[in-house]
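So the chains spell out like this:
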Amino acid sequence: MTGSAHAKIILIGEHSVVYGHKAIAIPVFDLTTRCTLKEDQENSVKSTLHTGNFTTLPETMNPLEKLVDSLQETYAFPPHTHTIESNIPIGAGFGSSAALATAVVRAYQAKYDLKLDDGALFKWVQYFERLTHDNPSGIDALTVIHDTPFVFSKEEKTALPMHLDAYLVIADTMERTPTKESVAHVATFGGEGFFTPLLNRLGALSEKAALSIRKNDVPKLADHMNRFMEGLRHLELSTETTDRYIETALERGALAAKLTGGGMGGCVIALTDTPDKAKSIEKAFVNTHNAPVWISRL
Ligand code: MEV
């Protein structure tokens, strides 16, 4: 029995969403994680990261063990071998941990005909996310579970259908900082006078971006994304590498270019309005940085 989940990308609103502001995230269907279950004597995992029974898991996979233990305890399921296959880059802003948790829960759901609605699935995924970083907003969990873009805040979750004349070029810098660390880094600014006003500005930009999307106003959306990037820079979430990627995209005529997700590495996204320009930005990312690139229609 198999369960699967797709990746996500945040268009705008990362980090400020942790403090209650709105963010916009979209599903990325080309990237998925699958979990296949086979009943066994003891729990084990087969994946490119690690293969072995649960007693041999590296520390980074402890959340998986806890999720499985908790599912099996709650529903009296027997031990299983969990075969994980994924083409979602890890720690790059694609929501790989939320997708893994979703795939695992869905695999049990399918095998045991478990009646879990989206709300209950969300809770399981958030349980896993809390084990991987202290204060997950829930945006990753929500977007990997659903097939539509969302405007998300802790109070509001509204589907935001997109039919834009726009393309998103996503490039992986291959530089990595765990989300746990970038979220903790932002928290160190908590006592500074600039912090709350900056978060309020970022929150306002995400709200305006949602309005621009509803009006199919791509230049305005781009403007909000570029300004948001300035805020992320202020929070020291950019690196020399991500700045070089952003420069490459803007030089090739991207309307906007910014970090996505936790930052301090990870992926950079570039917004453009024609497929030809998207192709040209993709080529620049590959030629200049040898980067893995994906293009999404918005
Ligand atoms: C991570 O994809 C997005 C962050 O805003 C963290 C979160 O929302 O939990 C950095």
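Because the structure is predicted, anything quoted here is derived from the model rather than measured. Residues take numbers from 1 onward in each chain, read along the sequence in its written order. At least 70 in pLDDT is required for a residue's local features to be given in this predicted model, at least 80 for side-chain atom pairs to be given and counted, and no such filter applies to totals for whole chains, interfaces and linings, which use all residues. Values reported for side chains reflect all heavy atoms of the structure, with hydrogen atoms and water molecules removed beforehand.

Participant: Lay out the packing of aromatic side chains with the relevant residues and their values.
Facilitator: Two descriptors summarise a pair of aromatic rings, namely the distance from one centre to the other and the angle between the planes of the rings. Classification of ring pairs rests on two measures: the distance between centres of Phe, Tyr or Trp rings, Trp counted by its six-membered ring, which must be within 6.5 Å, and the angle between planes, read as stacked under 30 degrees, edge-to-face over 60 and tilted in between. The tally for this structure, following the rule as stated, stands at 10 aromatic pairs. Considering the side-chain rings of Tyr75 and Trp124, the 6.2 Å spacing of their centres and the 50° angle between planes classify their relative orientation as tilted. Note that Tyr75 is positioned in helix α1 (residues 62–75) and Trp124 in helix α3 (residues 118–132), a separation of 49 residues in sequence. Clustering of aromatic rings is evident, with ring pairs tying together Tyr75, Phe77, Tyr108, Tyr112, Trp124 and Tyr127. Helix and strand definitions here come from DSSP, where helices need a minimum of 4 consecutive H or I residues and strands a minimum of 2 consecutive E residues; each element is numbered from the N-terminal end.

Participant: So, the site of the ligand: which residues are in play, and what are the values?
Facilitator: We define proximity as follows: a residue is near a molecule or strand when any one of its heavy atoms falls within 4 Å of that partner. The immediate surroundings of the ligand are formed by 13 residues, with Lys8, His15, Val17, Ser137 and Asp140 found nearest. Polar contacts here mean pairs of N or O atoms no more than 3.5 Å apart (in protein, one a potential hydrogen donor and the other a potential acceptor; neighbouring residues in sequence count only if both atoms are side-chain atoms). The contact in question runs from an oxygen atom of the ligand to an N or O atom on the side chain of Lys8, over 3.1 Å. The separation between an oxygen atom of the ligand and a polar side-chain atom of Ser137 is 2.6 Å. Starting from 300 Å² of accessible surface for the ligand in isolation, the protein chains cover 97%. Counting only elements with at least two residues in the shell around the ligand, the list comes to β1 (2–12) and α4 (139–145). Surface exposure here means Shrake-Rupley accessible area, sampled with a 1.4 Å probe, where a residue is shielded only by the protein chains that are shown.

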